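# Inside the fold
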Amino acid sequence: MHRFTSSLAATAALFATTLLPAHAELDVVSLRKSIDTSIASSYPALDALYKDLHAHPELAFQEVKTAAKLAAEMRSLGFEVTEKVGRTGLVAIYRNGDGPTIMVRTELDGLPMEEKTGLDYASRDKTSWGGREVFVAHSCGHDIHMATWVGTAKTLLGLKEQWRGTLMFIAQPAEEIVAGARAMLADGLFTRFPKPDIALALHDGPFAHGTIFYRSGVGTSAADGLEVTFHGRGGHGSAPHTTIDPVAIAARFIVDVQGVISREKDPTEFGVVTVGAIHGGTVGNIIPDSVQLSGTIRSYKPEVRARLHAGIERTAKAAAAMSGAPAPDIKILEGTKPVINDPDLVAATAEALKAAFGDKLRVSPPGTASEDFSEFAGAGVPSMMFNIGVYDQERIDAARNGGPPIPSNHSPQFAPVPKPTIETGITAMTLAVLSAFEQKNRRKGTN
Ligand SMILES: [Zn+2]
Ligand SMILES: [Zn+2]
């Protein structure tokens with residue numbers, strides 16, 4: 001078994017002469033000790049950074065102060081930082097000799113909602129969003145990801161005798177509106193900077209801290225937006241026969257469109273259609289001219305996605321035709337594709353994580369949420385995203401036994417326990433990066 005030694009020259013020579021066994025592995029036990037020591041000394045500063053980010057979240061493409069804080073952290077570590085990549089994103093590069101480039105992504109953005117955790121570092125910040133003043137909260141835990149990202153960078157620099165190559169740490173804006181990854185790619189992420197050999201990311205979730213979930217293949221769903229306007233003919237609520245009632249048409253569509261899921265889609269395949277917003281009318285006795293609906297469409301497979309799109313469109317047109325109304329305006333807004341975790345990368349990374357986390361490392365079912373981390377795999381970079389838990393085990397157990405339910409991401413009560421969550425994130429991501437360097441070198445060595 002190959003162990004990382006402080007002698008990189010010796011390691012390189014070993015790779016070059018392919019004397020290594022095919023299954024070279026990291027010495028995770030000794031690395032874990034170094035990682036723990038590094039985290040112990042860096043945690044107080046990371047805790048302060050986390051709580052500051054948490055208290056002052058910013059929305060998609062407004063993350064100016066957030067990005068500036070991360071830029072300062074990374075510069076102080078010796079990274080070469082480029083700001084304003086994809087509007088508010090940043091790219092931090094650290095070169096440590098010849099070798100592969102490993103990318104680690106964090107998101108920057110919060111959500112337009114009011115935090116109700118009651119924490120003493122809870123956000124009370126407000127901003128303008130879509131012409132309205134809204135509260136902002138880090139209710140998806142992107143602040144946990146940022147603290148983990150800085151902590152991982154710090155830890156990897158302390159271990160720089162253990163790897164050779166380039167760290168590419170990127171902070172992506174606007175994940176919540178699945179637009180930031182594309183904005184960074186369009187702004188030359190893989191042309192102005194090295195195109196990474198491997199991309200890694202993590203996301204927190206409502207389960208026990210110390211636990212890690214991962215998955216090979218499809219990890220998240222494809223998400224598309226749906227906007228429908230039903231046109232009718234307005235009039236008096238007491239004389240519906242003189243009108244074409246778009247409220248009735250919309251109501252029929254909302255119910256009937258679920259038939260696309262239950263009757264048209266293969267029941268063994270994943271697919272969701274949700275109408276999350278409906279706007280029409282002003283008062284009870286006026287039939288309005290039109291009604292607008294907004295929804296979301298989720299799927300894993302392209303053929304299911306195409307089937308849902310066609311079924312939704314047909315059902316909307318039929319609902320209007322049934323009332324003799326004009327054809328509706330239907331917009332399906334292409335969102336993001338599923339995250340596909342590269343099977344070889346996942347297998348090798350899971351081996352390293354297993355050695356550190358044992359049975360706390362678990363395989364997850366595919367998630368129904370969506371993530372624009374998929375864009376990087378779509379641009380040809382083998383990728384892996386895994387999940388870390390945020391709550392005390394006792395709280396999870398209590399919920400299972402009929403206690404208060406566990407708030408999920410996007411809940412106003414979402415409140416990670418910072419220390420063990422960030423520590424697990426740093427340990428797991430540091431090992432994933434070291435494993436990624438080792439995987440690429442091994443392949444080179446044994447080709
Ligand atoms: Zn989110
Ligand atoms: Zn998120």
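Data block above holds the structure.
On a predicted model such as this, the values are computed, not experimentally measured, just so you know.

At this site the zinc ion (ligand 1) is bound by Cys140 (SG), Glu176 (OE), Glu176 (OE) and His410 (NE2), with donor distances of 2.0 to 2.6 Å. In this structure, the zinc ion (ligand 1) is surrounded by four donor atoms whose angles at the metal cover 55 to 150 degrees, and the resulting shape is irregular. Spacing between the donor residues of the zinc ion (ligand 1) along the chain follows C-x35-E-x233-H. Between the zinc ion (ligand 1) and the zinc ion (ligand 2) the interatomic distance amounts to 3.1 Å, and Cys140 serves as a bridging ligand to the pair. With Cys140 in the loop between β5 (132-135) and α4 (142-158) and Glu176 in the loop between β6 (165-172) and α5 (180-186), this pair connects stretches of sequence that are 36 residues apart. Residue classification places Cys140 among the buried positions, given a relative accessible area of 8%.

For the rest of this paragraph, the subject is the packing of helix α2 (residues 28-55) against helix α3 (residues 64-77). For any two helices packed against each other, the geometry is given by the interaxial angle and the distance between the axes. One can describe the packing of α2 onto α3 by two numbers: an axis separation of 11 Å at closest approach and a directional angle of 165 degrees. With respect to α3, the axis of α2 lies roughly antiparallel. Crossing geometry of α2 relative to α3 is assigned as left-handed. Residues Leu49, Asp52 and Leu53 of α2 touch α3, and the partners they reach there are Thr66, Lys69, Leu70 and Glu73. Considered class by class, the residues forming the contact of α2 with α3 number three nonpolar, one polar and three charged.

Turning our eyes to something else, we now look at the sheet that holds strand β3 (residues 101-107). To summarise the sheet geometry, strands pair through backbone hydrogen bonds and adopt either a parallel or an antiparallel arrangement. Read across the sheet, eight strands follow the order β1-β2-β6-β3-β7-β18-β8-β17 without closing on themselves; strand pairing throughout is mixed. Each end of this open sheet is capped by a strand with a single partner; those strands are β1 (80-85) and β17 (361-363). Averaged over all pairs of adjacent strands, the angle between their axes in this sheet comes to 25 degrees, without regard to strand direction. Packing against the sheet, α4 makes contact with β2 (89-96), β3, β6, β7 (198-208) and β18 (383-391), and its axis sits at approximately 150 degrees to β3.

Moving on, we get to the coordination of the zinc ion (ligand 2). Ligation of the zinc ion (ligand 2) by protein atoms is provided by Cys140 (SG), His142 (NE2) and His203 (NE2), these donors lying 2.1 to 2.4 Å from the ion. Sequence spacing among the residues donating to the zinc ion (ligand 2) works out to C-x1-H-x60-H.

Phe79, Leu167, Phe169 and Phe386 are the most contacted members of the largest nonpolar core, which has 63 residues in total. Top element by residues in this core is helix α12 (residues 418-446). It accounts for ten residues. If we skip the residues at most four places from it in the chain, Phe169 touches Met74, Phe79, Leu90, Val91, Ala92, Val104, Trp149, Thr152, Ala153 and Leu156. Counting 21 residues, the second largest nonpolar core, distinct from the first, contains Leu226, Val260, Ile261 and Ile297.

Following the sequence through the fold, His138 ends up in the loop between β5 and α4. Once residues within four sequence positions are removed from consideration, His138 is found in contact with Leu53, His54, Pro57, Leu108, Asp109, Gly110, Asp143, Met146 and Phe414.

Most of β18 is tucked away, with eight of its nine residues classed as buried. Examined bridge by bridge, β7 and β18 share eight bridges and lie parallel to one another. Counterpart to His203 in the pairing with β18 is Asn387. Pairing between strand β8 (residues 212-214) and β18: two bridges, direction antiparallel. By the bridge assignment, Ile212 is partnered in β18 with Ile388.

The rules we used
- Residues numbered from 1 in each chain as written.
- Chains lettered and ligands numbered in written order.
- Predicted model: local features only at pLDDT ≥ 70, side-chain atom pairs only at ≥ 80, totals over all residues.
- Heavy atoms only, no water.
- Donors = N, O, S within 2.8 Å, 3.2 Å for Na, K, Ca; no water.
- Tetrahedral: all angles 85-135°; square planar, octahedral: opposite > 155°, others 65-115°.
- Helix = DSSP H or I, 4+ residues; strand = E, 2+ residues; numbered from the N terminus.
- Buried < 20%, exposed > 50% of the residue type's maximum accessible area, 1.4 Å probe, protein only.
- Axes fitted to C-alpha atoms, helices over the stretch in contact; angles between N-to-C directions.
- Parallel < 35°, antiparallel > 145°, perpendicular 65-115°, else oblique.
- Left-handed = near helix turned anticlockwise from the far one by under 90°.
- Contact = heavy atoms within 4.5 Å.
- Nonpolar A, V, L, I, M, F, W, Y, C, P; charged D, E, K, R; others polar.
- Pairing = 2+ DSSP bridges.
- Core = buried A, V, L, I, M, F, W, Y, C linked by side-chain atoms within 4.5 Å.

Purely geometric numbers; function is a separate question.
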